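Listed below are the residues making up each chain.
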Amino acid sequence: MLRLDYEHILPFVDPDQLERRLGDAREAHRLLIEKAGPGGDATGWRDLLIQPDEALLQDIEETAGRIREEADILVCIGIGGSYLGAEAVIQALSPSLGRNEGSPEILFAGHHMGGAYLQELLEYLHGKSVFVNVISKSGRTLEPAIAFRCVRKHLERHFDDAGQRIIVTTDPEKGALNTLCATNEYKKYVIPSDVGGRFSVLTPVGLLPVAVAGTDIRALFEGAAATLVRLASPKDNPALLYAAIRSLLLQQGLCIDLLSVFEPALSAFGRWWQQLFGESEGKNGTGLFPCVAQYSTDLHSIGQYVQDGKRSLMETFLMVERTGSDLTVPAGAEGEAKNLDGLDYLSGRSMEAINRAAWEGTAQAHADGGVPNMTLWMAEISPTCLGEAIYFFEHAVSISGHLLHVNPFDQPGVEAYKKAMFTRLGKP
Ligand code: PA5
């Protein structure tokens, strides 16, 4: 079960102020549960956990089974909320080198405009059995639309059953993908209208690619659903506490929240978190700017700034109690050469314990350097625990948005660059 450790926050906040902010967070929690706050009609991501659609889960498992049997490669086309959740879960639950047994290679496209990448991808697909899952709620986002046009052409050229190899995940009715589906009879999954992109990982948006990667989507789903139940009451609610602390620190002038992970398998989860918090909070001139770091790698790059730079940061550590690794530091060489590398004090110690000491030291040092920090502990990196963490942060960011008096479920700001870009591209 998730656990929030906030020892390194206490020196930075006044207990009475925190108590008052927790009161505000309880009211924000009520707005979320009762769908009474701004964007209350966009909380379908909670409803689908309260009343799971068994037939849909089964259908996704069947489609995933077919893809796993027939595909060498699944290309997932999507951007933002239409890919970050799948990437986060797949990265966390796949071997760092290689992939899960029986899984096709899963590649992402349509998540940027890089032509060289797309060209390389198209060349890479040659001679392989390819399936595509194109994911776009609006069906009109430029990056995935271009990538889909290119990959679709490849499929139509090389496979007689191209139409059977394309799976579309989109809005129930609107958008160009629906038009394409109707003419080509592609298999289609629906993104519920009341679920926004960044909250959609537990819809077919995330579940299909994740199931193809060999993950038990029931366990992922159930981890999230159990956490919804756990966080349904405002009492002893760590998501409320997390939101209240962040809100207080923002009010005290901190404007950046750095999510730092100590397991490389969680770096894509960090990117998912970044979008969730960035798009949900950052509007009307407010919100903490979310950034992500992977430690201890980044302690050797931005670590200096975090420890000693401008004091505008707070930090959230996402940690894992049991990593499943039993690797220990081997003993040194025998004889005179023994301990030439000076590492004998670590002989026999587990990498898990060493990484944990790195977290302990970092959390202490950053707090001493003026960076309030808290740690969310996952029991392990498993489908259930990832489901728990996904729901935890979705709940917390909704409370946070309500505390900031913004609609946590819209993202009007992302239209500005599109407008300017389309003018330059001469879109009719
Ligand atoms: O969270 C969001 O709503 C966005 O990040 C979208 O997911 C992203 O812009 C992609 O949109 P669409 O799925 O409509 O292509």
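Residues numbered from 1 in each chain as written. Predicted model: local features only at pLDDT ≥ 70, side-chain atom pairs only at ≥ 80, totals over all residues. Heavy atoms only, no water.

### Digging into the overall build of the protein
A count of helices and strands for the protein gives 15 helices and 10 strands. In terms of C-alpha radius of gyration, the protein reaches 23 Å, essentially the compact-globule figure of 22 Å for 428 residues. When the 428 residues of the protein are sorted by exposure, 52% land in the buried category. The contacts of the protein with a sequence gap of at least 6 include a subset with a gap of at least 24, amounting to 81%. Accessible surface for the protein amounts to roughly 19300 Å². Of this, 53% is attributable to carbon and sulfur atoms. In the protein, which carries 38 positive and 55 negative side-chain charges, the distance between the mean positions of the two groups comes to 7 Å. (Helix = DSSP H or I, 4+ residues; strand = E, 2+ residues; numbered from the N terminus. Rg over C-alpha atoms; globule rule 2.2 N^0.38 Å. Buried < 20%, exposed > 50% of the residue type's maximum accessible area, 1.4 Å probe, protein only. Contact = heavy atoms within 4.5 Å. Areas by Shrake-Rupley, 256 points an atom, 1.4 Å probe, with all protein chains shown as cover. Lys, Arg positive; Asp, Glu negative; His and termini not counted. Charge placed at Lys NZ, Arg CZ, Asp CG, Glu CD.)

### Quick word on the site of the ligand
Near the ligand, the surroundings consist of 13 residues, among which Ser82, Ser136, Ser138, Thr141 and Gln275 are the closest. Between the ligand and the protein, one listed contact pairs an oxygen atom with a backbone N or O atom of Lys137 at 2.7 Å. (Near = heavy atom within 4 Å. Polar contact = N/O pair within 3.5 Å; in protein donor to acceptor, adjacent residues only side chain to side chain.)

### Here's the deal with the packing of helix H4 (residues 84–93) against helix H14 (residues 383–403)
At a minimum axis distance of 11 Å, the contact between H4 and H14 shows a crossing angle of 145 degrees. Relative to H14, H4 is oriented so that their crossing is right-handed. Residue-level contacts link Val89, Ala92 and Leu93 of H4 to Pro383, Leu386 and Ile390 of H14. Looking at the contact of H4 with H14 residue by residue, the classes come out as six nonpolar, no polar and no charged. (Axes fitted to C-alpha atoms, helices over the stretch in contact; angles between N-to-C directions. Left-handed = near helix turned anticlockwise from the far one by under 90°. Nonpolar A, V, L, I, M, F, W, Y, C, P; charged D, E, K, R; others polar.)

### Thoughts on the sheet that holds strand S4 (residues 130–136)
Strand order in the open sheet formed by five strands is S3-S2-S4-S5-S6, and the pairing between neighbours is parallel. The outermost strands of the open sheet, each flanked by one partner alone, are strand S3 (105–109) and strand S6 (187–190). Across the sheet, the axes of successive neighbouring strands diverge by a mean angle of 20 degrees, strand direction being ignored. As paired strands, S4 and strand S5 (residues 166–170) are joined by five bridges and run parallel to one another. Across the sheet, residue Val134 finds its bridge partner in S5, namely Val168. Relative to S5, helix H7 (residues 176–184) is tilted by about 145 degrees, and along the sheet it contacts S4, S5 and S6. Across the sheet, helix H8 (residues 204–212) lies against strand S2 (73–77), S3, S4, S5 and S6, angled at about 160 degrees from S4, the strand it touches most. (Pairing = 2+ DSSP bridges.)

### Digging into the domain arrangement of the protein
Partitioning the protein into domains gives domain 1 (3–36 + 222–403) and domain 2 (44–215). For domain 1 versus domain 2, the separation of C-alpha centres amounts to 30 Å. At the interface, 29 residues of domain 1 touch 20 residues of domain 2. When domain 1 packs against domain 2, the two sides together hide about 2100 Å² of surface, and 64% of this comes from carbon and sulfur. For the pair domain 1 and domain 2, the number of links is three salt bridges. Across the pair Arg271 and Glu87 runs a salt bridge, and its minimum N-O distance is 3.4 Å. One can count eight residue pairs in polar contact (both at pLDDT 80 or more) joining domain 1 with domain 2. Contributions of two or more residues to the side of domain 1 that touches domain 2 are made by helix H1 (15–33), helix H9 (217–230), helix H11 (267–281) and H14. Ranked by the residues each element gives to the side of domain 1 that touches domain 2, the list is headed by H11, at nine residues. (Domains from an automatic or database assignment. Buried area = accessible area lost by both parts, 1.4 Å probe. Salt bridge = Lys/Arg side-chain N within 4 Å of Asp/Glu carboxyl O.)

### Remarks on the packing of aromatic side chains
Under the defined criterion, the tally for this structure stands at 18 aromatic pairs. Ring geometry for Tyr242 against Phe393: centres 5.8 Å apart, planes inclined by 65 degrees, an arrangement best described as edge-to-face. Residue Tyr242 is found in helix H10 (residues 238–251), and its partner Phe393 is found in helix H14; the two are separated by 151 residues along the sequence. Across this residue pair, the class does not change: Tyr242 and Phe393 are buried. On the basis of an interplanar angle of 50 degrees and a centroid distance of 5.0 Å, the ring pair of Phe269 and Trp272 is categorised as tilted. Taken together, the positions of Phe269 and Trp272, both in helix H11 and three residues apart, correspond to about one turn of that helix. (Phe/Tyr/Trp six-rings, centres within 6.5 Å; stacked < 30°, edge-to-face > 60°.)

### Let's talk about the pattern of salt bridges
This structure, assessed with the given rule, holds 19 salt bridges. Linking Arg218 and Glu61 is a salt bridge whose minimum nitrogen-to-oxygen distance equals 2.9 Å. On the criterion of sequence distance, the pair formed by Arg218 in helix H9 and Glu61 in helix H3 (residues 54–70) is long-range, its members being 157 residues apart. Residues participating in the shared-partner salt-bridge network are Arg3, Glu321 and Arg356.

### A few points about the nonpolar core
Judged by nonpolar contacts, the single largest core of 92 residues is most densely connected at Leu202, Phe269, Trp272 and Phe393. It is H14 that provides the largest number of residues to this core, a total of 11 residues. Structurally, this core is a two-domain feature, drawing no fewer than three residues from each of domain 1 (3–36 + 222–403) and domain 2 (44–215). Dropping the residues within four chain positions of it, Phe393 is found in contact with Tyr242, Leu259, Phe269, Trp272, Trp273, Leu276, Phe277, Leu318 and Leu376. Ranked by size, the runner-up nonpolar core spans 22 residues in total, among them Leu118, Leu125, Ala147 and Tyr186. (Core = buried A, V, L, I, M, F, W, Y, C linked by side-chain atoms within 4.5 Å.)

### Focus: the environment of Leu22
Here Leu22 lies in helix H1. Look at Leu22 and you get buried, because its relative accessible area is 14%.

### Observations concerning the pairing of S3
With four of its five residues buried, S3 lies for the most part within the structure. Crossover connection from S2 via H4 to parallel S3: handedness right-handed. (Right-handed = clockwise from strand over helix to strand, strands pointing away.)

### A word on the environment of Phe148
With respect to the secondary-structure elements, Phe148 resides in helix H6 (residues 142–158). C-alpha of Phe148 to C-alpha of Ala109: the two residues are 39 residues apart in sequence and 8.4 Å apart in space. Once residues lying within four places of it in the same chain are set aside, the contact partners of Phe148 are Ile77, Val132, Val134, Ile166, Leu177, Leu180 and Tyr186.

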